[in-house]
Amino acid sequence: ALGDQDFASRCRCANAEERTYLNQKLSAAGYNTVPSQTNFLYVHFDSGNDKDAAFARLAENGLLVYNSGLPGHSCALRIGVGTREINERIVRALT
């Protein structure tokens, strides 16, 4: 796959499109997202309880995300950018 530049380009474009979609939808719903150029978004919450509640809603919907607990990110979830179908499920679970 690394040698297939057309495939790599399509993946980069799809990731950028879906990252923008997910970021816009979560931001419009009032979530604090961090601008990203990667295949994930950090979503910051006002409290650990809010973060844990969002994590639980995602898990209840079969969506697993990284619950970091890292210094500076203790109230954040790292949400991977997926396909449109998966990103829509993320948005529905959180709104």
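Each remark here, short or long, concerns the structure printed above.
Here's a quick rundown of the structure. From a predicted model like this one, the values you see are computed outputs, not experimental measurements.

**A few points about the pattern of salt bridges**
Evaluated as defined, the whole model comprises three salt bridges. The salt bridge partner of Arg84 is Glu17, with a shortest N-O separation of 3.8 Å. On the criterion of sequence distance, the pair formed by Arg84 in helix 3 (residues 84-94) and Glu17 in helix 1 (residues 5-28) is long-range, its members being 67 residues apart. You can call Arg84 partly exposed: its relative accessible area is 32%. Because the salt bridges share partners, they merge into one network encompassing Glu17, Glu18 and Arg84.

**Re the side chain of Lys51**
As for its position among the elements, Lys51 is in helix 2 (residues 48-60). Once you skip the residues sitting within four places of it in the chain, Lys51 turns out to touch Phe45, Asn67, Ser74, Cys75, Ala76 and Leu77.

**Quick look at the sheet that holds strand 1 (residues 32-33)**
Taken together, three strands build an open sheet; the order of strands is 1-2-3 and the sheet is antiparallel. Only two strands of the sheet have a single neighbouring strand rather than two, namely strand 1 and strand 3 (76-80). Both strand 2 (residues 40-44) and strand 3 contribute to a ladder of five bridges, which runs antiparallel. Counted as the bridge partner of Phe40 is Gly80 from strand 3.

**Some details on the nonpolar core**
Within soluble globular proteins, side chains that are nonpolar tend to cluster in buried spots. Within the largest apolar cluster, 16 residues are counted, with the highest numbers of intra-cluster contacts made by Leu22, Leu26, Leu58, Leu77, Ile79, Ile90 and Leu94. Per-element accounting of this core gives the leading share, four residues, to helix 3. If sequence neighbours within four positions are ignored, Ile90 has contacts with Leu22, Leu58, Leu63, Ile79 and Gly80.

**Some points on helix 2**
With 13 residues, helix 2 should reach 18 Å at 1.5 Å per residue; the first-to-last C-alpha distance of 18 Å fits that figure. Buried within helix 2 are the following residues: Lys51, Ala54 and Leu58. Down the axis, helix 2 shows its buried residues gathered within 65 degrees of arc, on one side only. Turned more than 90 degrees away from the buried face of helix 2, the exposed residues are Asn49 and Glu60. Considering only its buried residues, helix 2 is in contact with strand 3 and helix 3. Positive phi shows up at Gly62, right after helix 2, with a value of about 75 degrees.

Rules used throughout
- Residues numbered from 1 in each chain as written.
- Predicted model: local features only at pLDDT ≥ 70, side-chain atom pairs only at ≥ 80, totals over all residues.
- Heavy atoms only, no water.
- Salt bridge = Lys/Arg side-chain N within 4 Å of Asp/Glu carboxyl O.
- Helix = DSSP H or I, 4+ residues; strand = E, 2+ residues; numbered from the N terminus.
- Buried < 20%, exposed > 50% of the residue type's maximum accessible area, 1.4 Å probe, protein only.
- Contact = heavy atoms within 4.5 Å.
- Pairing = 2+ DSSP bridges.
- Core = buried A, V, L, I, M, F, W, Y, C linked by side-chain atoms within 4.5 Å.
- Expected span 1.5 Å × (residues − 1).
- Arc of directions from axis to C-beta.

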